[in-house]
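# Coordinate inspection notes
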Amino acid sequence: MSFSTDLKNELQVIMPKNVHCRYAELAGIISISGRMMQISGEDMFAIRVDSDAMEELVLKLIRMSTDIPDSVITRENEKQHHRKVIIPGKYYDELTVRLKLQAQDSRICVNEIITQRNCCKRSFLRGAFLAGGSVSSPEKSYHMEISVPTGSEAEKLCGIMTGLHQSAKLIKRKDRYVLYVKDGDTISDTIGAMGASNSVMEFENIRILKDIRNNINRAVNCDTANMAKTANAAVKQIDDINYVISKVGIDSLPDPLRDMAKVRLEYPYLSLSELGEKFTPPLGKSGISHRLKKLSQMAESLRNE
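Residues numbered from 1 in each chain as written. Predicted model: local features only at pLDDT ≥ 70, side-chain atom pairs only at ≥ 80, totals over all residues. Heavy atoms only, no water.

Turning our eyes to something else, we now look at helix H3 (residues 52-65). Relative to the 20 Å expected for 14 residues at 1.5 Å per residue, H3 spans 20 Å between its end C-alpha atoms, a close match to the ideal helical length. Listing the buried residues of H3 in full gives Met54, Glu55, Leu57, Val58, Leu59, Leu61, Ile62 and Ser65. (Helix = DSSP H or I, 4+ residues; strand = E, 2+ residues; numbered from the N terminus. Expected span 1.5 Å × (residues − 1). Buried < 20%, exposed > 50% of the residue type's maximum accessible area, 1.4 Å probe, protein only.)

Structure (structure tokens):
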């Protein structure tokens, strides 16, 4: 299963202890998936769900938050993986009073009074995410989003996240509005605010391993670049030494440069520090560099002549 699915599975089994938080969570679900509709000429209120667990959560919240009897609630398949929980329109007034709902054409808006408490903000956010949210696997990228049907509800959800000290950006995608977050810290904090402690731990563990891999890759790339740089420098040094020898002969060189030329030709792959260890007494890196530069300057002068 995906990280997003695991997160929703964890969130779906959380049941708020306080009734006002249950109202807020159910209102969060309805703000994304609830709508008024007509079936056989009768007004009905429908909540769209995409899994058995989500359907069970909606029914449980209705059962624990309202006096609507189970016997009047029906289910209707909408399409593959989606169906609707349908409540007769005459019970809509009860939902309106308890959940502070307002009809806006066929869509439903939620009064901000239901999210005054921080605990209710978290419950509302959890409900909204369960109804319309997703999170990319942190192994691939940091991306969380919630798809909202109306601009007013999207702005309201942005305000709720701000109230929880989280920030999200808002864009319009086709006929819906999408809140999205691309910052790993904010995603982790938002998952924690919704109450999914296990998913927070998994998210952070993946982030740590990802950072370790990235650091190792950077170190390997750096080492590879340094090795390439050393190899390229050695190739040029050897080329210069061979040119000098071909023009003036190795015996014509001063003793320090003659010894340097012989050691470099014998050990073409060693670094400057390693070359210094081949001398008796050993030479420092700066001494080796100075002698090789002298040989390169000599080669350049001979080429110019």
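Once that is clear, we can look at the sheet that holds strand E10 (residues 176-181). The 4 strands are arranged E7-E8-E10-E9 in an open sheet whose pairing can be described as antiparallel. On the outer flanks of this sheet lie strand E7 (133-135) and strand E9 (169-173), each paired with one strand and no other. Strand-to-strand twist in this sheet, taken as the mean axis angle between neighbours without regard to direction, amounts to 25°. Those strands touched by helix H5 (residues 118-132) are E7 and strand E8 (144-148), and its axis lies near 85° from that of E8. (Pairing = 2+ DSSP bridges. Axes fitted to C-alpha atoms, helices over the stretch in contact; angles between N-to-C directions. Contact = heavy atoms within 4.5 Å.)

Another point: the packing of helix H9 (residues 255-266) against helix H11 (residues 285-304). Interhelical geometry of H9 versus H11 gives an angle of 95° and a closest axis separation of 10 Å. Relative to H11, the element H9 lies roughly perpendicular. Contacts between H9 and H11 involve Pro256, Leu257, Met260, Ala261 and Arg264 from the former and Ile288, Arg291, Leu292, Lys294, Leu295 and Met298 from the latter. (Parallel < 35°, antiparallel > 145°, perpendicular 65-115°, else oblique.)

Two elements, strand E1 (residues 34-39) and strand E2 (residues 42-49), share 6 bridges in a ladder whose sense is antiparallel. Note on E2: the bridge partner recorded for Met37 is Met44. What sits between the antiparallel neighbours E1 and E2 is a turn of 2 residues, in which Ser40 has the positive phi angle 55°.

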